[in-house]
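Topology and contacts: notes
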Protein chains: 2
Amino acid sequence: MWLNFIVNTYSFMTEHEKNTEQKILDAAEDVFLHKGMSGARMQEIADKAGINKALLHYYYRTKDKLFEKVFEKAFKIFIPKVTGMMASDTPVIEKIKFFIDNYMDLLTRHPFIPAFLISELNRNPQILVSLFEKNVQLTRNDIIKNFDKQIQTEVKAGILKSVDARNLMVSIVGMCIFPIVGRPIIQGVLFENNKKDYNEFLGQRKESIKEFIVNSIKA
Amino acid sequence: MWLNFIVNTYSFMTEHEKNTEQKILDAAEDVFLHKGMSGARMQEIADKAGINKALLHYYYRTKDKLFEKVFEKAFKIFIPKVTGMMASDTPVIEKIKFFIDNYMDLLTRHPFIPAFLISELNRNPQILVSLFEKNVQLTRNDIIKNFDKQIQTEVKAGILKSVDARNLMVSIVGMCIFPIVGRPIIQGVLFENNKKDYNEFLGQRKESIKEFIVNSIKA
DNA sequence: TTTAAATTTGACCAATTGGTTAAATTAATT
DNA sequence: AATTAATTTAACCAATTGGTCAAATTTAAA
């Protein structure tokens, strides 16, 4: 679709157009996720999409614009889930268990996104600025405050030990993400590089984390 | 020093030589750590070292060779510490507290190394193979087994709750590393991008992790 | 003080890279 | 069927990149 780089993906485009565009985006995701912005090559993306390189620039003018799209998609898959977990009104421990189950599943389905986000954001934190404007940044603050309030309520009710909301959240996400982004190192150092053993480890990790956290915060 | 790429840094080289070589290595570290293998430019490294680009190739034939040196140094700073923590014969909880204090300090001093290692290793896990051959891979297995044995002893002695050594180690390191590698995201989402607030958060994080873990594993 | 060896440089090169353009092809509109 | 608009391609380009080389300079050895 012409001027697509401005108007984006809309419902009135034909199946054919959607396919070409989607093929490019899929290929771009694949290449960018594994090689990063600086390591990705437009030619490789074109090859993987089965199209001419010039067509890439026809749809997404520049490498930066294409990268932006891929990054935004990756970001949206992972980050809102974290604040999302704090929104429901179930008890804290239930909430956490639910989150860990879902987040670990998400990580298993997209194991390369977190390292990609970490790498690109450390190299250029500026990317976040524009993303934060677009997305649900307004309510975010209230959500965190509410989650903290809920925790303090349960602390006073004698359900939980005294814990700080943000420390808890960073710990939970860290315990979930590290075995994924650090896989090459951990698998090498602690599992003699045995892929099967490590997959088993990841399989039971969910339960391990939940038990570890509940043990820590339950009064 | 001529043929330096083969013989490496030895004590019999003059101060002048050591300086030039070190200047290159420092500059390379700086650039590689922030831009990664594919994003780093030999010209930028040369500029930062204040030398001609050809001199870079005189000392370290290729970009790959130079990268290898930087990577190995970064790796050696961080990874042996983890297995090292398990070697002493103090009680488990003391060991863990000592490790967290030291590791968090290390992370604060070198905040960009972990993301660098994660990124490069996910992109090319092959790098590890040669490194594992060179380094203390022999005793590593015994160290882990001994640590696990110590834990199980303390479990039976009623000091600790039942915990798996490798899960525990991954959790500890994950809780330490995530606030560093995920800084841009966490600072943005949870701290309204306030740098000062985040530094304060990092300052108390050490104690928070220790308390969190002890609460979880103490019987 | 020669002479030889090691270090440093400027100029250069081939390959790669992101991006462009004009022409060809296909799809949509009349 | 004719024309217009949208899509796709091959060929090309300027800039960048890792790397080389011969010459110049500095240092060490004789």
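Reading guide: rules and limits
Residues numbered from 1 in each chain as written. Chains lettered and ligands numbered in written order. Predicted model: local features only at pLDDT ≥ 70, side-chain atom pairs only at ≥ 80, totals over all residues. Heavy atoms only, no water. Helix = DSSP H or I, 4+ residues; strand = E, 2+ residues; numbered from the N terminus. Buried < 20%, exposed > 50% of the residue type's maximum accessible area, 1.4 Å probe, protein only. Contact = heavy atoms within 4.5 Å. Areas by Shrake-Rupley, 256 points an atom, 1.4 Å probe, with all protein chains shown as cover. Phe/Tyr/Trp six-rings, centres within 6.5 Å; stacked < 30°, edge-to-face > 60°. Lys NZ or Arg CZ within 6 Å of the ring centre and 35° of its normal. Least-squares fit on C-alpha atoms with pLDDT ≥ 70 in both. Domains from an automatic or database assignment. Buried area = accessible area lost by both parts, 1.4 Å probe. Polar contact = N/O pair within 3.5 Å; in protein donor to acceptor, adjacent residues only side chain to side chain. Nonpolar A, V, L, I, M, F, W, Y, C, P; charged D, E, K, R; others polar. Axes fitted to C-alpha atoms, helices over the stretch in contact; angles between N-to-C directions. Parallel < 35°, antiparallel > 145°, perpendicular 65-115°, else oblique. Expected span 1.5 Å × (residues − 1). Arc of directions from axis to C-beta.

This part is about the overall build of chain A. Looking only at helices and strands, one finds 12 helices and 0 strands in chain A. Order of helices (α) and strands (β) in chain A, N terminus to C terminus: α-α-α-α-α-α-α-α-α-α-α-α. Classification of the 219 residues of chain A by burial places 49% in the buried group. A separation of at least 24 residues holds for 65% of the contacts in chain A among residues at least 6 apart in sequence. In the form shown here, chain A has an accessible surface area of approximately 10700 Å², with 55% of it arising from carbon and sulfur atoms.

In this section: the packing of aromatic side chains. Scanning all chains against the criterion turns up 25 aromatic pairs over all chains. When the ring of F67(A) is compared with that of F71(A), the centres are 6.0 Å apart and the planes differ by 35°; the resulting orientation is tilted. Here the residue F67(A) and the residue F71(A) both occupy positions in helix α5 (residues 63-84), the gap between them amounting to 4 residues, near one helical turn. Comparing F67(A) with F71(A), the two get one shared label, buried. Members of the aromatic cluster, connected to one another through ring pairs, are F32(A), F67(A), F71(A), F75(A), F116(A) and F132(A). Here the guanidinium or amino end of R166(A) rests over the ring plane of F191(B), the centre of that ring lying 4.2 Å away.

To continue, consider the relation of the copies chain B and chain A. Mapping chain B onto chain A leaves a residual RMSD of 0.0 Å; the transformation is a rotation of 180° accompanied by 0.0 Å of translation along its axis. Classification of the inter-copy transformation places it as that of a two-fold axis. Across chain B, the smallest distance between a C-alpha and the rotation axis is recorded for S216(B), namely 1.9 Å. A share of 100% of the interface residues of chain B reappears at the interface of chain A, consistent with the copies meeting face to face through the same patch.

A few words now on the domain arrangement of chain A. Residue and element names in this part refer to chain A. You can read the domains of chain A as domain 1 (2-64) and domain 2 (76-217). If you look at the interface, domain 1 gives 5 residues, while domain 2 gives 4 residues. Buried area between domain 1 and domain 2, summed over both chains or domains, comes out near 450 Å², and the portion from carbon and sulfur atoms is 67%. Taken as a group, L33, H34 and M37 account for 73% of the area that domain 1 buries against domain 2, more than any other trio of residues on that side. Taken together, the links from domain 1 to domain 2 amount to 1 residue pair in polar contact (both at pLDDT 80 or more). Within the side of domain 1 that touches domain 2, the residues separate by chemical class into 3 nonpolar, 2 polar and no charged.

To continue, consider the packing of helix α10 (residues 165-181) of chain B against helix α11 (residues 183-190) of chain B. All names here are of chain B. Interaxial distance between α10 and α11 falls to 5 Å at its minimum, and their mutual angle equals 75°. With respect to each other, α10 and α11 are oriented roughly perpendicular. Mapping the contact onto sequence places F178, P179, I180 and V181 in α10 and R183, P184 and I186 in α11.

Further remarks concern helix α9 (residues 140-156) of chain B. Its 17 residues place the ends of α9(B) 25 Å apart at the C-alpha level, agreeing with the 24 Å of an ideal helix rising 1.5 Å per residue. Within α9(B), the full set of buried residues consists of R140(B), I144(B), F147(B), Q150(B), I151(B) and E154(B). Mapping the buried residues of α9(B) onto a view down its axis gives an arc of 120°, with all of them on the same face. Pointing more than 90 degrees away from the buried face of α9(B) are the exposed residues K145(B), K149(B) and K156(B). Residues of α9(B) that are buried in the fold lie against α11 (183-190) of chain A together with α5 (63-85), α6 (92-109) and α10 of chain B. Downstream of α9(B) by one or two residues, G158(B) has phi in the positive range, about 80°.

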